[in-house]
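Results of the structural survey
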Amino acid sequence: MGDLTGRVAAITGGTRGIGRAIAEAYLAEGAKVVINGSNADKGARALEEIGRPDDVAFVQGNVKVREDCERIISETVARFGRIDILVNNAGGANNHAPVVDLTDEAMDDALKWNLWSTLWCSRPALRHMIDQQWGRIINMSSVEGKCGKPGLSIYVTAKHAINGLTKSMAQEVGTLGVTVNSLCPGFIKDTDINRELAPLAAESMGLTLDELVAMFAEEAATKRTIECEDVAAVAVLLASEAGAGITGSLISIDGGTSPY
């Protein structure tokens, strides 16, 4: 699909779900990969399951902490000698509420988890990419980075902000061999983060989890939710030479949900 031989990628939130699918797709195309996560046990289990000790490493770190984000990049370079591809995949939101009841803490947490982590990882990665005149930054947004739902304002706001940051970064480095894009997936039920947090999001909207999933499916032209592999396939394209002409794009992988 897209030869990544000789490339080195770092993926935040890479032990499960979308990040894990992207990591395995990159490995299949010949890349070396560093996966990040906050849980050491999940990291060790992911490495064992992947079974490629020469080609993949785990860096424990909390993306809500700037120093941890910077360390993900520095340890990637220390382990494999360079960084060519950064996937800012980690993200989520908790303590959803209608805006009238929303706490400052919930909004601050969502911005750190999504927007600030994207900035904190991208900034040091860009220094390497600019020096080598080649790089790919792929930011994980959401269909809700283009749309929006009641009760989910912290998530919607953070993902819209990621899309704005993506546009500006792409303009800054467009002549330097570096592309920057956002992926905007639809709802994916079978991920650790959604299994944990989706029921709470549904509750904030006055829905059951099944009703929430059905709502996302009904909004899509395909009438189904999205799979992790759908997202990974596009991430491979963007990371490859074939994706060199794509930058500053907010790419929907939502079965035809978003209006643009």
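See the structure shown above.
Below is a summary of the structure that appears in this document. Just so we're clear, the structure is a prediction, and the values are computed from it rather than from any experiment.

By size, the foremost hydrophobic cluster in this structure holds 34 residues, and its most contacted members are Ile22, Tyr26, Val33, Ile35, Ile85, Leu183 and Val231. If you list the elements that add at least two residues to this core, you get strand 1 (8–11), helix 1 (17–28), strand 2 (32–37), helix 2 (40–50), strand 3 (56–60), strand 4 (85–88), strand 5 (135–140) and helix 8 (228–239). Counting residues per element, this core draws most heavily on helix 8, at 8 residues. Among residues more than four places away in sequence, those in contact with Ile85 are Leu4, Arg7, Val8, Ala9, Ala10, Tyr26, Met129, Trp134, Arg136 and Ala239. Listed in part, the 26 residues of the second largest apolar core include Ile73, Leu126, Leu165 and Val178.

All buried positions along helix 2 are accounted for by Gly43, Ala46 and Ile50. When helix 2 is viewed along its axis, its buried side chains cluster within an angular range of 60° and face the same direction. Counted as exposed and oriented over 90 degrees from the buried face of helix 2: Asp41 and Glu48. Looking at the packing, one finds that the buried side of helix 2 touches helix 1, strand 2 and strand 3. One side-chain oxygen at the N-terminal end of helix 2 lies 2.9 Å from the backbone nitrogen of Asp41; it belongs to Asn39. Gly51 sits one or two residues past helix 2 and shows a positive phi near 70°.

Let us now look at the packing of helix 1 against helix 2. Between helix 1 and helix 2, whose axes approach to 12 Å, the crossing angle comes to 35°. The two elements helix 1 and helix 2 meet at a crossing, and its hand is right-handed. Residues Arg20, Glu24 and Leu27 of helix 1 form the contact with helix 2, whose own contacting residues are Ala46, Glu49 and Ile50. In the contact of helix 1 with helix 2, the residues fall into 3 nonpolar, no polar and 3 charged.

Cut-offs applied
- Residues numbered from 1 in each chain as written.
- Predicted model: local features only at pLDDT ≥ 70, side-chain atom pairs only at ≥ 80, totals over all residues.
- Heavy atoms only, no water.
- Core = buried A, V, L, I, M, F, W, Y, C linked by side-chain atoms within 4.5 Å.
- Buried < 20%, exposed > 50% of the residue type's maximum accessible area, 1.4 Å probe, protein only.
- Helix = DSSP H or I, 4+ residues; strand = E, 2+ residues; numbered from the N terminus.
- Contact = heavy atoms within 4.5 Å.
- Arc of directions from axis to C-beta.
- Polar contact = N/O pair within 3.5 Å; in protein donor to acceptor, adjacent residues only side chain to side chain.
- Axes fitted to C-alpha atoms, helices over the stretch in contact; angles between N-to-C directions.
- Left-handed = near helix turned anticlockwise from the far one by under 90°.
- Nonpolar A, V, L, I, M, F, W, Y, C, P; charged D, E, K, R; others polar.

Nothing here speaks to function; it is all geometry.
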